[in-house]
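# What the coordinates show
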Amino acid sequence: MLRRSKGEGSITQLPNGKFRVRLEVNPVGDKRKWVTATATTKKEAVKKLQELQRQKEDKKTLHALQDDLSTLIEPYLSAKESEGLKVTTLQHLYYELHELASYLEDIPVHKVTKEHIQSYLSFQKSKGLVDRTIKESLNDLRGFFKWLHEDKKALEENPAATVKFKMTQAPRRKQEV
C-alpha cells in the first residue's frame, strides 16, 4: 500500500476491524489539531477521508469540522486516558460513544437534544439491553456531554444532564450463603 503525502490524512485499521480516518487541520498555536472519524468498511473510510479533505480545502474551520459527533470521541478518550482511566473502561466508552454516533448519524453535535438522548435509550431498550446497562450508558453520555459543555465549550448546555431513565426491573440481590 502506498503512503499518502504529508497533510493528506491517513486510514488505519483498528483491532475491532473498523477503520479510523485521521486528518490534520489548521493548528492553533503550537498545538497540532486532528479530526478523526471511524468507518465500518475501507470504502466508507476512503469516502470519509475525501469528505474531510474537501472540507479542509474549502477552508472550513476546525469547529465546523468537529460538528460531527464521531470526530469528538478520540479527543474525549485521550482526555479520559490522561485522567488515568483503565483500558477496559476506555474500550467501553469507545464502543458506547460510537454506538451513539452511528445512531445520531447526521445530527451535528450542537443540535443534539434531550429528546435525541431519550430516543437513543429507548433504542437500546428495544435491542434487549437490561435497565442497569442502559442506566450506565446514560451516565457515560452525561460525562461525554459534560466534557463537551464545560471543558471544550462546544455546547451551550449538556443535553444529557436532565434525561431521566426509570429502571423497571428490580436490581438483583446477592444470594446469601
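Model, not experiment: these values are computed from the prediction. (Residues numbered from 1 in each chain as written. Predicted model: local features only at pLDDT ≥ 70, side-chain atom pairs only at ≥ 80, totals over all residues. Heavy atoms only, no water.)

## Remarks on the overall build of the protein
We apply this condition: Put simply, DSSP marks the helices as runs of H or I at least four residues long and the strands as runs of E at least two long, and each gets a number from the N terminus on. Only protein chains enter the accessibility calculation, which uses a 1.4 Å probe; a residue is then buried when its area is under 20% of its type maximum, exposed when over 50%, and partly exposed in between. We call two residues contacting when some pair of their heavy atoms lies within 4.5 Å.
Scanning the protein from terminus to terminus reveals 6 helices and 3 strands. Looking at the protein residue by residue over its 177 residues, the buried ones come to 34%. Relative to all contacts within the protein whose residues are 6 or more apart in sequence, the contacts with residues 24 or more apart total 52%.

## Describing the pattern of salt bridges
To keep it simple, the criterion reads: Salt bridge, as applied in this entry: a Lys or Arg side-chain nitrogen positioned within 4 Å of an Asp or Glu carboxyl oxygen.
Under the criterion given, the structure shown has 6 salt bridges. Residue Lys80 pairs with Glu83 through a salt bridge whose shortest N-O separation is 3.1 Å. Looking at Lys80, the relative accessible area reads 19%, which means it is buried. Exposure remark for Glu83: the relative accessible area of 55% places this residue in the exposed category.

## As for helix α3 (residues 73-82)
Put simply, the test is: When we speak of the arc, we mean the arc of directions from the helix axis to the C-beta atoms.
What α3 keeps buried is the set Ile73, Glu74, Tyr76, Leu77 and Lys80. Along the axis of α3, the buried positions cluster into a sector of 160°, meaning they face one direction only. Remark: Gly84 follows α3 within two positions and exhibits a positive phi of approximately 95°.

## Brief notes about the nonpolar core
Put simply, the rule is: Put simply, buried Ala, Val, Leu, Ile, Met, Phe, Trp, Tyr and Cys residues joined by side-chain atoms within 4.5 Å make one nonpolar core.
If you look at the biggest cluster of nonpolar residues, it comprises 29 residues, and the most contacted ones within it are Ile117, Phe144, Phe145 and Leu148. Of all the secondary structure elements, the ones that give two or more residues to this core are α3, α4 (87-103), α5 (114-126) and α6 (131-151). Examining the composition of this core, we find that 7 residues originate from one element, α6, more than from any other. When residues no more than four places from it in sequence are discounted, the contact partners of Phe144 are Leu69, Leu72, Tyr76 and Leu97. Counting 10 residues, the second-largest nonpolar core is a separate cluster that includes Ile11, Val21, Val25 and Ala45.

## What about the packing of aromatic side chains?
Geometrically, a pair of aromatic rings is defined through the distance of the ring centres and the angle of the planes. Rules: Here is the rule: rings of Phe, Tyr and Trp (six-membered ring for Trp) pair when centre to centre is within 6.5 Å. Planes less than 30 degrees apart are stacked, more than 60 are edge-to-face, and the remainder are tilted.
Enumeration over the complete set of coordinates arrives at 6 aromatic pairs. Each ring, one from Tyr76 and one from Phe144, has its centre 5.1 Å from the other, and the planes form 80°; the classification is edge-to-face. Taken as a pair, Tyr76 in helix α3 and Phe144 in helix α6 lie far apart in primary sequence, 68 residues in all. Note on accessibility: Tyr76 and Phe144 belong to one class, buried.

## Considerations on the layout of surface pockets
For clarity, the threshold we go by: Cavities and pockets are found on a 1 Å grid laid over the protein atoms alone: a cavity is a set of points where a 1.4 Å probe fits but cannot escape, a pocket is an open set with protein on both sides within 12 Å along at least five of seven lines, and a lining residue has an atom within 4 Å of such a point. Grid points are joined across faces, edges and corners, and a volume is the space filled by probe spheres set on the points.
Roughly 390 Å³ of volume is contained in the second largest pocket. Taken together, Leu14, Pro15, Asn16, Arg20, Glu74, Leu77, Ser78, Glu81, Leu90, Gln91 and Tyr94 make up the full set of residues lining the second largest pocket. Secondary structure elements with two or more residues in the lining of the second largest pocket: α3 and α4. The leading source of residues in the lining of the second largest pocket is α3, at 4 residues.

## As for α4
Just so we agree on the cut-off: An expected span of 1.5 Å times one less than the residue number is assigned to each helix.
Over its 17 residues, α4 runs 24 Å from end to end, which matches the ideal 24 Å to within 8%, given 1.5 Å per residue. Those residues of α4 lying buried are Leu90, Leu93, Tyr94, Glu96, Leu97, His98, Leu100 and Ala101.

## Looking at the packing of α3 against α4
How two helices sit against one another is set out by the angle between their axes and by the gap between those axes. The test is simple: Only the stretch in contact is used when fitting a helix axis, every axis being a line fitted to C-alpha atoms; angles between N-to-C directions are given from 0 to 180 degrees. Here the word oblique covers every angle except those under 35 degrees (roughly parallel), over 145 (roughly antiparallel) and from 65 to 115 (roughly perpendicular). For a crossing to be left-handed, the near helix must be turned anticlockwise from the far one by less than a right angle; the clockwise case is right-handed. Under this grouping Gly is polar, as are all residues other than the nonpolar Ala, Val, Leu, Ile, Met, Phe, Trp, Tyr, Cys and Pro and the charged Asp, Glu, Lys and Arg.
Orientation of α3 relative to α4, taken along the N-to-C sense of each, is 160°, at an axis distance of 11 Å. In terms of their interaxial angle, α3 and α4 are classed as roughly antiparallel. In this structure, the crossing between α3 and α4 has a hand that is right-handed. Between α3 and α4, the contacting residues are Ile73, Glu74, Tyr76, Leu77, Lys80 and Glu81 on the first element and Leu90, Leu93, Tyr94, Leu97, His98 and Ala101 on the second. In terms of residue class, the contact of α3 with α4 is built from 8 nonpolar, 1 polar and 3 charged.

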